[in-house]
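Okay, here's what each chain looks like letter by letter:
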Amino acid sequence: MNNNPLNTSKQYRILFVCLGNICRSPAAQGVFQAIVDREGRSAGFVIDSAGTYSGHQGQLPDRRMREAAARRGYQLTHRARPVGMMDFLDSDIIVAMDDANYEDLMHLAPSVEDSRKVVKMAGYLTTRSISYIPDPYYMGAEGFELVLDLLEEACGNLYASLSE
């Protein structure tokens, strides 16, 4: 787990990244936003998401993910966008959903310092031995539920690690 102390004197910028920015990363954005809202810390965070693939640019999250998230009280309204160079400059932490996203982000990082901002979402899981957040796109309804279960745990642990 990452043990970065939360600097309460500034806004902390977190970017969640998956492939198309229509399932996992917007869900992580919504889950993490709900956590900081519940904790009364919304002003201390700027939370965003992006994809390593730009083919869905401008689209809302996948309908199935929006529906699964809505059943848990999350509203996913983000519009898909690709990761850009400015994301490395603007973000304090960039959270990759799987190994391919992680590798793509490491190649995109403009400097070694910027590459240190990239972490794996699964690194914040403590009750499951899975090394990545699976892409639910081809998994059916149960895949979206599984991804939300994983993201709720990982985002909660990420928030806790930043708050220590």
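Owing to the predicted nature of the structure, the values given are computational and were not obtained by experimental measurement.

1. Observations regarding the packing of helix H1 (residues 24-38) against helix H6 (residues 141-163)
The geometry of H1 relative to H6 is characterised by a closest axis approach of 9 Å and an angle of 50° between their N-to-C directions. Judged by the inter-axis angle, H1 sits oblique to H6. Seen along the crossing, H1 lies across H6 with a hand that is right-handed. Residue-level inspection shows Arg24, Ala27, Ala28, Val31, Phe32, Ile35 and Val36 of H1 in contact with H6, the latter providing Val147, Leu148, Leu151, Glu152, Cys155, Gly156, Leu158, Tyr159 and Leu162.

2. With respect to the sheet that holds strand E1 (residues 12-18)
Pairing is parallel across the open sheet formed by four strands, whose spatial order is E2-E1-E3-E4. Either end of the sheet is taken by a strand with one partner, and the two such strands are strand E2 (45-51) and strand E4 (118-120). Ignoring which end each strand starts from, the neighbouring axes of this sheet average 25° apart. As defined by bridge partners, E1 adjoins strand E3 (residues 93-96) across four bridges and the pair is classed as parallel. The residue of E3 that forms the bridge with Phe16 is Val95. Strands in contact with helix H4 (residues 99-108) are E1, E3 and E4; relative to E4, the strand with the most contacts, it is inclined by about 170°. Set on the sheet, H6 makes contact with E1, E2 and E3; between it and E1 the angle comes to about 155°.

Cut-offs used in this document
- Residue positions within a chain follow its written sequence, with the count starting from 1.
- Two thresholds apply to this predicted model, a pLDDT of at least 70 for residue-level local features and 80 or more for giving and counting side-chain atom pairs, whereas whole-chain, interface and lining totals are computed over all residues.
- Only hydrogens and water are removed before side-chain values are computed, so all heavy atoms of the structure are retained for them.
- Every angle, taken between N-to-C directions, lies between 0 and 180 degrees, and every axis is a line fitted to C-alpha atoms, over only the stretch in contact when it is a helix.
- Think of it this way: any DSSP run of H or I at least four residues long counts as a helix, any run of E at least two long counts as a strand, and we number them from the N terminus.
- Relative orientations are named as follows: roughly parallel for angles under 35 degrees, roughly antiparallel for angles over 145 degrees, roughly perpendicular for angles from 65 to 115 degrees, and oblique for any other angle.
- For a crossing to be left-handed, the near helix must be turned anticlockwise from the far one by less than a right angle; the clockwise case is right-handed.
- In what follows, residue pairs with any heavy atoms lying within 4.5 Å of each other are defined as contacts.
- Strands are treated as partners if at least two bridges between them are detected by DSSP.

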